[in-house]
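# Fold and contact review
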There are 2 protein chains.
Amino acid sequence: MARRLGRRAFLASGAAVLGGAAALGGRELLDADPEPAAPDSPGRATVAFHGEHQAGVVTPGQAFASFVALDLVDGVDREALVRLMRVWTDDIERLTRGAPGLTDTEPELAAVPAGLTVTVGYGPGVLTAAGREDLRPGWLTPLPAFGVDRLQEAWSGGDLLLQICADDEITVAHAVRVLVKEARTFATVRWVQRGFRNSPGTVTPGTTMRNLMGQVDGTSNPIPGTEDDRLIWIGPEGPAWLHGGTGMVVRRIAMNLDTWDELDRPAREQVIGRRLDNGAPLTGTHEHEEPDLEAMTELKLPVIESFAHIRRARSDDPDHRFLRRSYNYDESPPAGELSNSGLVFVSFQADIDAQFTPIQRRLDQLDLLNQWTTPIGSAVFAVPGGCRPGEYLGQRLLEP
Amino acid sequence: MARRLGRRAFLASGAAVLGGAAALGGRELLDADPEPAAPDSPGRATVAFHGEHQAGVVTPGQAFASFVALDLVDGVDREALVRLMRVWTDDIERLTRGAPGLTDTEPELAAVPAGLTVTVGYGPGVLTAAGREDLRPGWLTPLPAFGVDRLQEAWSGGDLLLQICADDEITVAHAVRVLVKEARTFATVRWVQRGFRNSPGTVTPGTTMRNLMGQVDGTSNPIPGTEDDRLIWIGPEGPAWLHGGTGMVVRRIAMNLDTWDELDRPAREQVIGRRLDNGAPLTGTHEHEEPDLEAMTELKLPVIESFAHIRRARSDDPDHRFLRRSYNYDESPPAGELSNSGLVFVSFQADIDAQFTPIQRRLDQLDLLNQWTTPIGSAVFAVPGGCRPGEYLGQRLLEP
């Protein structure tokens, strides 16, 4: 079978074992083995937990994500938050290296780290509960209302956020379960948004993801490790407790695929300003080329229309940029509908007010894409910096 | 970064390209490329569509599945069903080889087949609409009510079923969209259940999957390609239109992970009758060993308890067996709950009445696992045999 052969070649070091199974008349007689396959299998990959920044921000997007927003229960104060953060820090450190959580009841499900990262964010409620409202950055507040918004409470807000990403969905589900369970006396689940990209190994690493409208989504991101770092990470000019941290926007963007289907291919390309096949701007041939916003057709019309998404999403101000790290969602459609699909839009930026909001205002005013996309959820979180061994996440806020 | 290195080694043929990107200061300058990575990447894998049987039954379980149940709209008759089946057959053949559907509006999303299979099933309503009720096998009817059932209409029944499986969730979402859209004038979506297993390459191929209770789930299945085929495929003794087909049960089994957590490890192993670490029966050391149901402890107690799941799920009658092909689900929890997890239980068998129902009755009467699992959905479908080039799925029913 082609698929089986593909896998066999794919995991060369597993071939001997698989050959043995094949010799037994097709029966897969391998014992259930919680160990990932080959030493270089994506199941064994780990991302370092300790460091200046939390993982999961500039980490290349894993295949799956769960975004879990929680609300603190009444009576949770600074001391309680310290306890929760100590427990979470310990468990995140364990799970991300493929070890069970401290009180893990399904340790076998922890054995495949698959590049797991857990990123913790704080909504405004954490600063209130901790008695640290004076340390709240100005942007840590709900975004201004935009005309396109049709926000639902069920997908908005939250005191705490867990962004849990890995290249295996069982790994994600297990980490969600462990961390939500550890928090049960401190917080209740407000919403969970699950998202996906291509599976590990199915497309060339580094390929920009496609959303379910078929568009290349996430080109021209700031480049980590360059001077663009100032756009991503909060530096000495921000609150000390957020040094090495970032601001995070999570918006649920519903896509109306049924009306999008009514557009032909040239119209779709005009809406975005990019080619559908390879994501190149309509004035170029390669995805990462700069679009030429001045270019005109022979009829003296702009090649990239005034209403095109890439024109509207681009500002003359080089500070109006942010790191996008979005995921697709595809859920059961409500009665009478064909689909329930969209994007868990995620962006990281040092200052949401200065970088994100101006662009969102431009898109709100005029962006033809608004006709097929509707924001139905919105939340803002402050992501503290990373921690060293012996420290816990958020320590510089809770025990400065 | 360890994860990046893991991926790099993992996709050796992509390393040169990635090295080039790394040289550009970490920026991923690769153009978006709808082609899957290496020739032996799991993204390029295909499963043959044409054949004696439909794919997706004995095909080793891919990482992701969507189960879409549809209801025929009023007025759909035999001729309309012929039109729908011709369109679906054509599109399934295209999509499973990595080609866009005939009227595909997002052709780039079709470029990664990732082992895609689409399996079509008929509920009783198809035979009614086609005026072929005389050809309905006795088992093509809702299962008898079991005492443990708490069935919800929202997860039960359906006139048509699409089982869509692949190793990439974008591939699955795209195929669902194409096929549901093609059917829009014939049928409405009744329910969609999405499920997952480990990602391609994260565990050794052939490893039995684990469910979210942490149990090895699916040991001691019938073995395709052996005399067990008579348990899976409908032979000459069945209706001619189902020759080479099978009967399919889809049940949604909710897991109460919170009360399951209250059990310690030995108690959990007693509930199942298997070891949690490697799935071996409590009387043995390897997963695929036969359990010794007579074995006694020194205290003259059975090693495998009378209430253990593997004892109850096992019959003295060798015909009381079926092929399980289940998937995990993990959805947003309802307000006040910690999780919403379980199993999309799927089984294939030549005769549901003769093979599946007796075992389900045994489990209903006494199975300690019932305390932590609740069937909340149930549906039964007849899966017609496969088709040759030029034929369409279900032709032997619709145009005999």
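Refer to the structure presented above.
All figures in this text were calculated on a predicted structure; none of them were measured in a lab. (Residues numbered from 1 in each chain as written. Chains lettered and ligands numbered in written order. Predicted model: local features only at pLDDT ≥ 70, side-chain atom pairs only at ≥ 80, totals over all residues. Heavy atoms only, no water.)

What follows deals with the packing of helix H3 (residues 78-96) of chain B against helix H5 (residues 169-182) of chain B. All names here are of chain B. Contact geometry for H3 and H5: axes closest at 10 Å, N-to-C directions at 160°. The angle between H3 and H5 falls in the class roughly antiparallel. For the element pair H3 and H5, the recorded crossing hand is right-handed. Of the residues in H5, those touching H3 at Leu84, Val87, Trp88, Asp91, Ile92 and Leu95 are His174, Ala175, Val178, Leu179 and Glu182. Of the residues assigned to the contact of H3 with H5, the class counts are eight nonpolar, one polar and two charged. (Axes fitted to C-alpha atoms, helices over the stretch in contact; angles between N-to-C directions. Helix = DSSP H or I, 4+ residues; strand = E, 2+ residues; numbered from the N terminus. Parallel < 35°, antiparallel > 145°, perpendicular 65-115°, else oblique. Left-handed = near helix turned anticlockwise from the far one by under 90°. Contact = heavy atoms within 4.5 Å. Nonpolar A, V, L, I, M, F, W, Y, C, P; charged D, E, K, R; others polar.)

Residue and element names in this part refer to chain B. The final tally for this structure, using the stated rule, is 38 salt bridges over all chains. Among the salt bridges present, the one from Arg321 reaches Asp228, with a minimum N-O distance of 3.2 Å. Residue Arg321 is located in the loop between helix H9 (309-312) and strand E6 (323-324), and its partner Asp228 is located in the loop between strand E4 (187-196) and helix H6 (229-232); the two are separated by 93 residues in the primary sequence. Judged by relative accessible area, Arg321 falls into the partly exposed class, the value being 29%. Judged by relative accessible area, Asp228 falls into the buried class, the value being 7%. Residues Asp261 and Arg268 are paired through a salt bridge, measuring 3.2 Å at the closest nitrogen-oxygen approach. In this pair, the class of Asp261 matches that of Arg268, namely buried. (Salt bridge = Lys/Arg side-chain N within 4 Å of Asp/Glu carboxyl O. Buried < 20%, exposed > 50% of the residue type's maximum accessible area, 1.4 Å probe, protein only.)

Let us now look at the side chain of Asp330 of chain B. Tracing the backbone through its elements, the reader meets Asp330 of chain B in strand E7 (residues 327-331). One buried charged residue, Asp330 of chain B, remains without a salt bridge, the closest side chain of opposite sign being Arg194 of chain A at 4.6 Å. One polar contact links Asp330 of chain B to Ser341 of chain B, side chain to side chain, over a distance of 2.8 Å. Residues contacting Asp330 of chain B, with those up to four places away along its chain left out, are Ala173 and Arg194 of chain A together with Phe196, Leu212, Asn340 and Ser341 of chain B. (Lys, Arg positive; Asp, Glu negative; His and termini not counted. Polar contact = N/O pair within 3.5 Å; in protein donor to acceptor, adjacent residues only side chain to side chain.)

Within the structure shown, the criterion is met by 13 aromatic pairs over all chains. With a centroid separation of 5.2 Å and an interplanar angle of 55°, the aromatic rings of Phe322 of chain A and Phe356 of chain A are classed as tilted. Placement of the pair is Phe322 of chain A in the loop between helix H9 (309-312) and strand E6 (323-324) and Phe356 of chain A in helix H10 (residues 352-365), with a sequence separation of 34 residues. With 6.4 Å between their ring centres and 80° between their planes, Phe322 of chain B and Phe345 of chain B make a pair best called edge-to-face. Taken as a pair, Phe322 of chain B in the loop between H9 and E6 and Phe345 of chain B in strand E8 (residues 340-349) lie far apart in primary sequence, 23 residues in all. On the accessibility criterion, Phe345 of chain B (14% relative accessible area) is buried. Sitting over the face of the ring of Trp155 of chain A, Arg252 of chain A holds its NZ or CZ atom 3.9 Å from the ring centroid. Lying across the ring of Tyr329 of chain B, Arg252 of chain B places its NZ or CZ 3.6 Å from the centre. (Phe/Tyr/Trp six-rings, centres within 6.5 Å; stacked < 30°, edge-to-face > 60°. Lys NZ or Arg CZ within 6 Å of the ring centre and 35° of its normal.)

This brings us to helix H5 (residues 169-182) of chain A. Residues and elements named next belong to chain A. For H5, spanning 14 residues, the distance from its first C-alpha to its last is 20 Å, which sits close to the expected 20 Å at 1.5 Å a residue. With 14 of 14 residues buried, H5 is to be regarded as a mostly interior element. Measuring from the backbone nitrogen of Ile170 back to the side-chain oxygen at the start of H5 gives 2.9 Å, which picks out Asp168 as the cap. (Expected span 1.5 Å × (residues − 1).)

All right, on to unusual backbone geometry then. Residues other than glycine seldom take positive phi values, yet Ala114 of chain A does so here, at roughly 50°. You can see Ala114 of chain A is positioned in the loop between helix H3 (78-96) and strand E2 (117-122). The backbone phi angle of Lys300 of chain B is positive, close to 65°, even though this residue is not glycine. Its place among the elements puts Lys300 of chain B in the loop between helix H8 (265-272) and H9. What makes Lys300 of chain B exposed here is its relative accessible area of 67%.

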